[in-house]
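Examination of the molecular architecture
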Amino acid sequence: MTSKSSLTCGELLDRAVSRIAGDTARLDAELLLAQVTGLSRSGFRAFPEREVSAPLATEFEDLVEKRVQGMPVAYLLGHQEFWSLPFKVSNSTLIPRPDTECLVEQALDLPLPDNARVVDLGTGTGAIALALASERPGWVISACDLMDDAVALAQANASQLELQVDVFQSRWFAGLPAGRFDLIVSNPPYIASGDHHLGEGDVRFEPATALVSGADGLDDIRLIVSEAPDWLNAEGWLLLEHGFDQADAVRGLLTTRGFAMVESRKDYGGNDRMTLGQWPRKGALHAQ
Ligand code: GLN
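Quick summary incoming for the structure in this document. (Residues numbered from 1 in each chain as written. Predicted model: local features only at pLDDT ≥ 70, side-chain atom pairs only at ≥ 80, totals over all residues. Heavy atoms only, no water.)

Quick look at the site of the ligand
For clarity, the cut-off: By convention in this text, a residue qualifies as near a molecule or strand provided that one of its non-hydrogen atoms is within 4 Å of it. Each polar contact in these results corresponds to two N or O atoms within 3.5 Å; when the atoms are within protein, one needs to be able to donate a hydrogen and the other to accept it, and residues that are neighboring in sequence are counted only if both atoms are side-chain atoms. To measure how exposed things are, a 1.4 Å probe is used in the Shrake-Rupley method; for residues, cover is taken only from the protein chains shown.
In the vicinity of the ligand, the contacting residues are Leu 94, Arg 97, Asn 187, Pro 188, Pro 189, Tyr 190, Ile 191, Val 203, Ala 210 and Leu 211. Contact distances for the ligand include 2.9 Å between a nitrogen atom and a side-chain N or O atom of Asn 187. Here Pro 188 contributes a backbone N or O atom positioned 2.7 Å from a nitrogen atom of the ligand. Notes on the ligand: free accessible area 300 Å², of which the protein chains cover 82%.

As structure tokens, then:
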């Protein structure tokens, strides 16, 4: 029965795991095999002797080869979960990170009106904006990205998830329709151009425009902090993700710009990963 060329799920997985380096080798291999065969991970765990046809086995091994070369699993699968929602991903955007869920939690904790106007700057897949939309149907949420591919992807994710977010092509605030927000949230590029992390792991395959921001990684954050007050309602909030070692610098930028209640918050790894501040009440310095 078993032709020589036909392999079982168990054999394919063991071969793949021995080739993929790193802690996630088995998980990666199982996700790729599930994608190719349409079987569930628990399915081939329970029945490792199940055979895989030669064309599917070849398809699987091609994906494994790309994974061995470092291609992120999310790009190979074409999707990634964020906030328990399925997002389409492509190599024109950053892959949504679990730590960015802390940014979403923080946004949901803010004292905001039920009909808050919110914008997500540099939305990529739309992850932050759509996670917020899934939790706060009353919020009026916009998102923008510089890259047309990202705008299309975020729009596709919004319609797939049946969530209402208006997505614009815009370099930060430059292309947004006039108006003010109660919350501006962003996970902008924040890696310094010479940072050695850029040569390691998943980021090697992600677009530099989504990762790198000048010599100290703060060019885009400086611009956002400087312009945000022109786009915030009185008592509106600015909430930014940043590098694990940038919290002091970002708090300094917000405080200097005139924000109140400036504080940093930790990610799942215990790093100060995000900073927020509130634009002063009406009548305070600079407020209009
Ligand atoms: N957190 C990402 C990383 O270090 C970078 C994200 C970003 O630049 N916004 O891999």
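Considerations on the packing of helix H9 (residues 219-227) against helix H10 (residues 247-257)
The condition that has to hold: For helices, the axis comes from a line fit to the C-alpha atoms of the stretch in contact; other axes are also lines fit to C-alpha atoms, and the angle between any two N-to-C directions lies between 0 and 180 degrees. In DSSP terms, a helix is any run of H or I states spanning at least four residues, a strand is any run of E spanning at least two, and both are numbered starting from the N terminus. Here the word oblique covers every angle except those under 35 degrees (roughly parallel), over 145 (roughly antiparallel) and from 65 to 115 (roughly perpendicular). By convention the crossing between two helices is left-handed if the near helix lies anticlockwise of the far one by an angle smaller than a right angle, and right-handed if it lies clockwise. The contact definition used throughout considers only heavy atoms, calling two residues in contact when any of these lie within 4.5 Å.
As a packed pair, H9 and H10 sit with axes 9 Å apart at the nearest point and diverge in direction by 25°. In this view, H9 runs roughly parallel relative to H10, as classed from their interaxial angle. The chirality of how H9 crosses H10 is right-handed. Between H9 and H10, the residues in contact are Ile 221, Arg 222, Val 225 and Ser 226 and Val 250, Leu 253, Leu 254 and Arg 257, respectively.

Focus on the packing of aromatic side chains
Put simply, the test is: Stacked, tilted and edge-to-face are the three classes applied to pairs of Phe, Tyr and Trp rings, where Trp contributes its six-membered ring and a pair requires centres within 6.5 Å; stacked means planes under 30 degrees apart, edge-to-face means over 60, and tilted covers the rest. Type-normalised accessible area, obtained with a 1.4 Å probe on protein chains alone, sets the label of each residue: buried when under 20%, exposed when over 50%, and partly exposed for intermediate values. Distance and angle both matter: a charge sits over a ring if NZ of Lys or CZ of Arg is within 6 Å of the ring centre and within 35 degrees of the ring normal.
Scanning all chains against the criterion turns up three aromatic pairs. Geometrically, the ring pair formed by Phe 82 and Phe 87 is edge-to-face, given 6.1 Å between the ring centres and 75° between the ring planes. Pair check on accessibility: Phe 82 and Phe 87 agree, each one buried. Arranged with centres 5.1 Å apart and planes meeting at 65°, the rings of Phe 259 and Trp 279 form a pair that is edge-to-face. Taken together, the residues span a long stretch of sequence, with Phe 259 in the loop between H10 and strand E10 (260-266) and Trp 279 in the segment after strand E11 (272-278) at a distance of 20 residues. You can call Phe 259 buried: its relative accessible area is 6%. For Arg 117, the ring lying beneath its charged end belongs to Phe 181, and the centroid distance is 4.7 Å.

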